[in-house]
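# What the coordinates show
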Amino acid sequence: MIVSINKTKLVLIQDDITKQETTAIVNAANSSLLGGGGVDGAIHRAGGPKILKECKEIRKQQGSCPTGEAVITTGGNLKAKYVIHTVGPIWYGGNKNEDNLLHNCYLNSLKLAKERRIKSISFPSISTGAYHFPIERASKIALKTVIDFLQDNEPVPLEGKSLTGFEEVRFVLFSKEDYEIYLKNLQEIIDWTE
Ligand code: APR
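The structure displayed is predicted, hence computed values, not measured ones.

Below, the discussion takes up the site of the ligand. For the ligand, the set of nearby residues contains 22 residues, the closest of which are Asn30, Gly37, Val39, Asp40 and Gly129. Asparagine 30 is positioned such that a nitrogen or oxygen atom in its side chain is 2.8 Å from an oxygen atom of the ligand. Separating an oxygen atom of the ligand from a backbone N or O atom of valine 39 is a distance of 2.8 Å. The fraction of the free accessible surface of the ligand (700 Å²) that becomes covered by protein chains is 88%. Applying the majority rule of atoms within 2 Å of the grid points places the ligand in the largest pocket. Counting only elements with at least two residues in the shell around the ligand, the list comes to strand S3 (24-29) and helix H1 (38-47). Top contributing element to the shell around the ligand by residue count: H1, with four residues.

In C-alpha cells, the structure reads:
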C-alpha cells in the first residue's frame, strides 16, 4: 500500500527490514544498544560487527539509550547506509506512559533522520514483539506520529535549495497479520483526514 502525504511516499510492506534499500532503517533496540533478538538480532547479523562497534562507542560517550530516544550508526553490510536505533517501551498495561514513549521513538527517529538529510527511512513495528505492546494500539500511534510529522514537514533549506524532507517512509511488517492491521488503521486515518 502506498499513499502520498505532503509529497512524501508512505509505504506499507510485508518484508524483512534488513532487505530494505532505504537510506536508513530503524532498529527496535534495547537500552544497552548491545543487540538482542527479533529485529535487533536480524540487523546486527545482517549488518555485521561495524554496527555493534559504533553502538559501543555511543555507549562510551552517552551511556545507555533511554526509552523513546534514538541514536544513529553505520548500516555496515546492509543495503541501508544508516541504522537508527531506538528503544521502544515495554508494555506494562498502558499506565506507564507507554503510548507517549512509543510516539517519541518514531518522532525522534524522524528528527534524527531529517537532521542528517536522510530522505528515505524504514520502520519496523516497534515494541510489538518481545515488548508486548498491543499491535492495534501501537500501529495507530506509529501511523499517526509519522503522518503528523510529514504533514507538518517544512522544507529544510540546504545551501539555498529547499529540501523537502523525506521522499519515502516505509513501515516494514514481518507478518501478514501485522501488515493487515497497519493497512486497516492507515485506511481509517486517511478516510478520517479526508
Ligand atoms: N524485519 C521486520 N520486522 C521484524 C523482523 C525483521 N527482520 N524481525 C522481527 N520483526 C518484527 C516482529 O515480528 C515484531 O512485530 O518486529 C516487531 C518488533 O519485535 P522485536 O524485534 O521483538 O522488538 P520489540 O518488541 O521492540 O522488543 C525489543 O527485543 O530483540 C530484542 O534487543 C531487543 O530487547 C529488545 C527487544
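Continuing now.
This part is about the sheet that holds strand S2 (residues 8-14). Read from one edge to the other, the open sheet built from seven strands follows the order S1-S2-S9-S6-S3-S5-S4, with strand pairing classed as mixed. Here the strands that pair on one side only, and so sit at the sheet edges, are strand S1 (2-5) and strand S4 (70-74). When strand polarity is set aside, the average angle formed by the axes of neighbouring strands in this sheet is 25°. Relative to S4, helix H2 (residues 49-62) is tilted by about 135°, and along the sheet it contacts S4 and strand S5 (82-87).

With 18 residues, helix H3 (residues 98-115) should cover 26 Å at 1.5 Å per step; its first-to-last C-alpha distance of 26 Å lies within 8% of that length. By the burial criterion, the buried members of H3 are Glu98, Leu101, Leu102, Cys105, Tyr106, Leu107, Asn108, Ser109, Leu110, Leu112, Ala113 and Lys114. Looking one or two places after H3, you find arginine 117, whose phi comes out positive at around 60°.

On to the pattern of salt bridges. Overall, the coordinates contain ten salt bridges when judged by the stated rule. A salt bridge links aspartate 99 to arginine 137; the shortest N-O distance between them is 2.9 Å. Taken together, the residues span a long stretch of sequence, with aspartate 99 in helix H3 and arginine 137 in helix H4 (residues 135-151) at a distance of 38 residues. Aspartate 99 gets classed as partly exposed once you look at its relative accessible area, which sits at 27%.

For the rest of this paragraph, the subject is the side chain of serine 122. One can find serine 122 in strand S6 (residues 120-123). The residues touching serine 122, leaving out its near neighbours within four places in the chain, are Ile17, Gln20, Thr22, Ala24, Ile25, Val26, Arg170 and Val172.

Looking now at the layout of surface pockets. Taken as a whole, the largest pocket holds about 500 Å³ of empty space. Along the wall of the largest pocket there are 25 residues; nearest its centre are Ala28, Gly38, Val39, Ser125 and Gly129. If you list the elements that add at least two residues to the lining of the largest pocket, you get S3, H1 and strand S9 (168-173). Ranked by residues supplied to the lining of the largest pocket, first place goes to H1 with four residues. Grouping the constituent residues of the lining of the largest pocket by class yields twelve nonpolar, nine polar and four charged.

Mapped onto the fold, glutamate 98 is located in helix H3. For the buried glutamate 98, no salt bridge is present, and the opposite-charge side chain at shortest range is arginine 137, 6.6 Å distant. Engagement of the side chain of glutamate 98 in a polar contact is seen with the backbone nitrogen of glycine 93, the distance being 3.3 Å. In terms of polar contacts, glutamate 98 uses its side chain to reach the backbone amide nitrogen of lysine 96, at 2.7 Å. Look past the residues within four positions of glutamate 98 in its chain and what remains in contact with it is Pro89, Ile90, Trp91, Tyr92, Gly93 and Phe133.

Here is what the cut-offs are and how they apply
Residues numbered from 1 in each chain as written. Predicted model: local features only at pLDDT ≥ 70, side-chain atom pairs only at ≥ 80, totals over all residues. Heavy atoms only, no water. Near = heavy atom within 4 Å. Polar contact = N/O pair within 3.5 Å; in protein donor to acceptor, adjacent residues only side chain to side chain. Areas by Shrake-Rupley, 256 points an atom, 1.4 Å probe, with all protein chains shown as cover. 1 Å grid on protein atoms, 1.4 Å probe; cavity = no way out; pocket = protein on both sides within 12 Å on 5 of 7 lines; lining within 4 Å. Sits in = over half its atoms within 2 Å of the grid points. Helix = DSSP H or I, 4+ residues; strand = E, 2+ residues; numbered from the N terminus. Pairing = 2+ DSSP bridges. Axes fitted to C-alpha atoms, helices over the stretch in contact; angles between N-to-C directions. Contact = heavy atoms within 4.5 Å. Expected span 1.5 Å × (residues − 1). Buried < 20%, exposed > 50% of the residue type's maximum accessible area, 1.4 Å probe, protein only. Salt bridge = Lys/Arg side-chain N within 4 Å of Asp/Glu carboxyl O. Points joined across faces, edges and corners; volume = space filled by probe spheres on them. Nonpolar A, V, L, I, M, F, W, Y, C, P; charged D, E, K, R; others polar. Lys, Arg positive; Asp, Glu negative; His and termini not counted.

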